Amino acid sequence: IQDYDKVYFSTYTDGIDFLEKVSLATSDHITYTEEHIKMVRDLNCSVYDMEGGAIAETCEANSIPFVLVKGISDTYESGTSDFYENTLILSEKFPPIIYKLLNILSSVTK
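Definitions and limits used
- Residues numbered from 1 in each chain as written.
- Predicted model: local features only at pLDDT ≥ 70, side-chain atom pairs only at ≥ 80, totals over all residues.
- Heavy atoms only, no water.
- Helix = DSSP H or I, 4+ residues; strand = E, 2+ residues; numbered from the N terminus.
- Buried < 20%, exposed > 50% of the residue type's maximum accessible area, 1.4 Å probe, protein only.
- Contact = heavy atoms within 4.5 Å.
- Areas by Shrake-Rupley, 256 points an atom, 1.4 Å probe, with all protein chains shown as cover.
- Lys, Arg positive; Asp, Glu negative; His and termini not counted.
- Charge placed at Lys NZ, Arg CZ, Asp CG, Glu CD.
- Bend = angle between axes of the 7 residues up to and from the residue.
- Phe/Tyr/Trp six-rings, centres within 6.5 Å; stacked < 30°, edge-to-face > 60°.
- Lys NZ or Arg CZ within 6 Å of the ring centre and 35° of its normal.
- Polar contact = N/O pair within 3.5 Å; in protein donor to acceptor, adjacent residues only side chain to side chain.
- Salt bridge = Lys/Arg side-chain N within 4 Å of Asp/Glu carboxyl O.
- Patch = residues over 30% accessible without salt bridge, like charges linked within 9 Å, V, L, I, M, F, W, Y side chains within 5 Å.

Q: Before we move on, can you summarise the overall build of the protein with the specific residues and values?
A: Looking only at helices and strands, one finds three helices and two strands in the protein. The linear arrangement of helices and strands in the protein, starting from the amino end, is β-α-β-α-α. In terms of its C-alpha atoms, the protein occupies a principal-axis envelope of roughly 45 × 40 × 20 Å. By the burial criterion, 18% of the 110 residues in the protein qualify as buried. Look at the contacts in the protein between residues 6 or more apart in sequence, and 54% of them connect residues 24 or more apart. Of the accessible surface of the protein, which amounts to about 8100 Å², a share of 55% is contributed by carbon and sulfur atoms. Counting 8 positive and 18 negative side-chain charges, the protein places the averaged centre of each group 8 Å from the other.

Structural data, given as structure tokens:
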């Protein structure tokens, strides 16, 4: 991100041990070239998106704890072939997770 001299943003994790924590690579566009995939993997990131960096930057600029919960809808290997099925699964699993996170985070931001 142009305005920062760092590669990684800190995330808030207190009390969120019920979720798997992974490193996220993010950019303003998605490409599936071998070079791009290698770069993401070389950074030891197992998740890649187009939104995370913008959210991290906004949180950092406003001194807000940064938490990002991602549901994986598609992968490099699958492309978008399983997007619809995975989105249905995520829509069932996410509400209780988000509710629990909101309860945790509401005590942090008060």
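Moving on from the model shown.
Q: How would you explain helix 3 (residues 83–108) if you had to name every residue and give the values?
A: Its axis deflected by about 40° at Phe 94, helix 3 carries its strongest bend there, up to four residues before the proline Pro 95. Within the sequence span of helix 3, burial applies to Asn 86, Leu 101, Ile 104 and Leu 105.

Q: Go over the packing of aromatic side chains, please, and point to the residues and values.
A: Under the defined criterion, the tally for this structure stands at zero aromatic pairs. Positioned above the aromatic ring of Phe 18, the side-chain terminus of Lys 100 is 4.1 Å from the ring centre.

Q: Give a detailed account of the side chain of His 36, specifying residues and quantitative values.
A: Positionally, His 36 belongs in helix 1 (residues 34–42). Within the structure, the side chain of His 36 is placed 3.1 Å from the side chain of Tyr 48, a separation counted as a polar contact. If we ignore the near neighbours within four places in the chain, the residues touching His 36 are Ser 27, His 29, Thr 31 and Tyr 48.

Q: Go over the pattern of salt bridges with me, naming the residues and quoting the values.
A: In total, this model carries three salt bridges according to the counting rule given. Residue Asp 49 pairs with Lys 70 through a salt bridge whose shortest N-O separation is 2.8 Å. Of this pair, Asp 49 sits in strand 2 (residues 47–49) while Lys 70 sits in the loop between helix 2 (52–61) and helix 3, and the two are 21 residues apart along the sequence. Exposure remark for Asp 49: the relative accessible area of 4% places this residue in the buried category. With a relative accessible area of 33%, Lys 70 lands in the partly exposed category. Here Lys 70 and Glu 51 are joined by a salt bridge, their closest N and O atoms 3.1 Å apart. Of this pair, Lys 70 sits in the loop between helix 2 and helix 3 while Glu 51 sits in the loop between strand 2 and helix 2, and the two are 19 residues apart along the sequence. Linked by salt bridges that have partners in common, Asp 49, Glu 51 and Lys 70 make up one network.

Q: Could you give an account of a nonpolar patch on the surface, with specific residues and numbers?
A: Together, Val 7, Tyr 8, Met 39 and Leu 43 line one region of the surface with nonpolar side chains, adding up to about 420 Å² of accessible area. One can find Tyr 8 in the segment before strand 1 (24–26).

Q: I'd like a rundown of the environment of Gly 53, residues and numbers included.
A: Along the polypeptide, Gly 53 turns up in helix 2. Residues Gly 53 and Ser 27, spaced 26 residues apart in sequence, show a C-alpha to C-alpha distance of 6.8 Å.

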